[in-house]
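The lines below spell out each chain.
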Amino acid sequence: MRLQILAFAFGVLLLQMQPELPAWSGWAWLGGVLVLPYWRWSGHSLRLLALVACLALGFSWAAWRAEIRLAEELPAAWEGRDVALLGVVATLPQEFGNGQRFEFVVEQVDSVGAVVPGRIMLSWYQGRPGDETFERLAVRPGERWRFMIRLKRPHGNANPGGFDYEAWLLERGIRATGYIRPGAPQRFSEMVWQPAYAIERLRHQIRERFATTLPAENYPLAGILVALAIGDQKAIDGALWTTFNRTGVSHLFAISGLHVTMIAALFGWLASAGWRRVPTLALRLPAQKAGIVAAVFAALLYALLAGFAVPAQRTLYMLLVAALAMLSGRLAAPSRTLLLALLVVLVLDPWAILSAGFWLSFGAVGALLYIGSAEVGRESGWRQALRTWGMVQWAATLATLPVLLVVFQQFSLVSPLANALAIPVVSFVVTPLALLGAIVPWWPILALAHAVLGWQMLFLDWCATWPLWQAPAPPLWAALAAGLGVAVALLPRGVPGRWLGAFLLLPALFGQAPRPAEGDAWINVLDVGQGLASVVRTRKHTLIYDPGPLYSAESDAGQRVVVPYLRSLGIARVDMLMVTHRDSDHSGGTASVLSALAVDAVRSSVGEIPGQPCLAGQSWNWDGVAFEVLHPDASAYAAGGKSNHLSCVLRITAGDRRILLTSDIEAPDEAALLARYPGQLAADVLLVPHHGSRTSSTQAFLAAVGPSAAIIPVGYRNRFGHPKADIVERFMTMGIPLWRTDRDGAVQVELGAGGLALSGWRREYRRYWLDR
């Protein structure tokens, strides 16, 4: 049974790696035909058929679910059009800089002919709290509202090493995103009484109570208590997440399986103890079984209250399987219980397998069961308890190592020490106090929990000063070898060959990402929405040409795109950061890049940014690749005016190939370049000026550059309408192929002795849900 469940899971995983969605019916028939002989007869060959059958069934099940979900879509004709609709706020609203964001279940579409998916994500922009005219209408889960909205199909930034937002939307069943138009929104009902909405309203009330009891200005760690009580991880400040990531304790501040197990055990013990004291009840049902039922019920309530994330689901299903076995008088092997929970998770949510939490949760628990079998029958006592605790820390750390390297490209060297203290404090002190404070609205309970957290943060802040191990994202073969290495390294003592486990881990720990050859350059124009961020690599050097836009007061492209991309390549030091000009769609990620990476030199046209000004005539050579700054010159600085006119223009020459990076220069700047470098602007690739605005890309400039390809960094359905249709037509008329980050994702340009090559990430990393 165990192997069959693993085969089913592998089939689900294979489906999620497909570039196009296949028909599910043929695979379902194949699985059904192959599994029939296994039910009737036995034998090793038939067991192999059963594994193939389960793989086919897993593949077909995931394909069928995907077909159903993708069938509900927003027609392209209704993108960007006003639609009036009625529906219910389905989830906790999340605050951002100038508004709120929440999931919305559509009940009625009032616009004639409009077709809208049943579940959408809406943003409501209502101004910033500091604004004089600020007035925000609060929404709560379960309320019924009528809005005028504009929607677009699911679309996210597509970059190597980046978060797949479109996959996340698909998993949550969100088939369109949009924003609420200014007007007169109407609240029709204070509460729509359905179980899911009632749970979300309860979570909202607890969050509001915590915010009132522990104001953020006086209790900076209150968001952690909110996260532990109701699973709202966005309540935790970004700086705290940095500390948790550096110390390897992030899992404790999500709702982990340990928290759910602890709550279930507590309620089970209380119910069993109380049951024994009522003879009538004890005669009807043994106290032990009553405790089991209470434990499962408590685990279900807490998992729902905490948002029903994958770790909570895994623990709940494991407890449910174990409870059913005990209530029926049977004993279920822990490994079988874990795999049955795995099966239930994937049947209910085939996209869960795409999340890091899925692999971390099941991987860590599987490792604990794996080493636990070797500890059965050993002597008891404090020495053995201490040894077992150490083994648990070692196994959990080692088991999650391959996943951390694949997903985050780093792991904390101090994680075992930090977890040794943080696990008991958070799980057995802080979390129970947070939940008690959610039930009993008494200030001292939450204040005590906050005080304990404060003492623990002193220890974690010290741990965060320790170094991280960072490595580029390992290729698939290295990740699989690392997984096998973990299994070998965790074999019981005395088993020969355990040292091979460390050997198998080496490629993932010490692997190097590919770099250009001497004299070659690779330029990646990243997909950051409406803005510009690009990375230039030579054999031994790295340059960032603009760190991307500022998205909100809490996030920017430097934090969300540029740093994760460089981390996936194993790059922690940048030779130069060039911030081309002041506009926030180009400079917004500067602070994040400077805080996360070691930057040797900064060049910019922005006076407030420390470093050297970029000035026409500057040049340098890295690894046989020539770099030249062509604009602005001293007269442009003296003239002042729009910041676009000070955009740093960089020309890169590798071999006999060139790329011209132009940022946001406009027609007067193009004319100045033509006058300053007559007959010298020819380039193979052009980064289109100002995102394809009408202010730039003049006929004379394009003729002088004469590119064989051009790249437009532009956001999907951006509010400026970039690139303008007449500018696109100009490129087409001149026979210049266009690459666009909104259509192609991140665009990579390879320049050098081998010639010129361009590729788009959406084509390289094609998945069936992209652009759907």
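Preceding block: the structure.
Residues numbered from 1 in each chain as written. Predicted model: local features only at pLDDT ≥ 70, side-chain atom pairs only at ≥ 80, totals over all residues. Heavy atoms only, no water.

**Q** Please give an account of the packing of helix α8 (residues 257-276) against helix α11 (residues 310-327) that cites residues and values.
**A** Here α8 crosses α11 at 40 degrees, and the two axes come no closer than 8 Å. Here α11 runs oblique to α8, going by the angle between their axes. Handedness of the crossing formed by α8 with α11: right-handed. Across from G257, V260, T261 and A264 in α8, the residues of α11 making contact are P311, A312, R314, T315 and L319. Grouping the amino acids of the contact of α8 with α11 by side-chain chemistry returns five nonpolar, three polar and one charged. (Axes fitted to C-alpha atoms, helices over the stretch in contact; angles between N-to-C directions. Helix = DSSP H or I, 4+ residues; strand = E, 2+ residues; numbered from the N terminus. Parallel < 35°, antiparallel > 145°, perpendicular 65-115°, else oblique. Left-handed = near helix turned anticlockwise from the far one by under 90°. Contact = heavy atoms within 4.5 Å. Nonpolar A, V, L, I, M, F, W, Y, C, P; charged D, E, K, R; others polar.)

**Q** Go over a nonpolar patch on the surface with me, naming the residues and quoting the values.
**A** Residues W499, L500, F503, L506 and F510 make up a contiguous nonpolar surface patch of roughly 570 Å² in combined accessible area. In this structure, F510 sits in helix α18 (residues 499-510). (Patch = residues over 30% accessible without salt bridge, like charges linked within 9 Å, V, L, I, M, F, W, Y side chains within 5 Å. Areas by Shrake-Rupley, 256 points an atom, 1.4 Å probe, with all protein chains shown as cover. Salt bridge = Lys/Arg side-chain N within 4 Å of Asp/Glu carboxyl O.)

**Q** Tell me about the side chain of D664, and please be specific about residues and values.
**A** With respect to the helices and strands, D664 occurs in the loop between β21 (657-661) and α23 (667-676). Despite its burial, D664 pairs with no opposite charge, the nearest such side chain being K642 at 8.6 Å. Of the polar contacts made by the side chain of D664, one reaches the side chain of H691; its length is 3.3 Å. Residues within four places of D664 in sequence aside, it is in contact with H581, D583, D585, H586, N644, S647, H690 and H691. (Buried < 20%, exposed > 50% of the residue type's maximum accessible area, 1.4 Å probe, protein only. Lys, Arg positive; Asp, Glu negative; His and termini not counted. Polar contact = N/O pair within 3.5 Å; in protein donor to acceptor, adjacent residues only side chain to side chain.)

**Q** Let's hear about the pattern of salt bridges: which residues, and what values?
**A** Considering all chains together, one arrives at 26 salt bridges under this definition. Where R676 meets D633, a salt bridge forms, and the shortest distance between an N and an O atom there is 3.1 Å. On the criterion of sequence distance, the pair formed by R676 in helix α23 and D633 in the loop between β19 (625-631) and α22 (634-639) is long-range, its members being 43 residues apart. Using a relative accessible area of 26% as the deciding quantity, one classes R676 as partly exposed. For the salt bridge of R694 with D726, the shortest nitrogen-to-oxygen distance reads 3.1 Å. Of this pair, R694 sits in the loop between β22 (685-687) and α24 (699-705) while D726 is found in helix α25 (residues 725-733), placing the two residues 32 residues apart along the sequence. Here R694 falls in the exposed class, since its relative accessible area comes to 55%.

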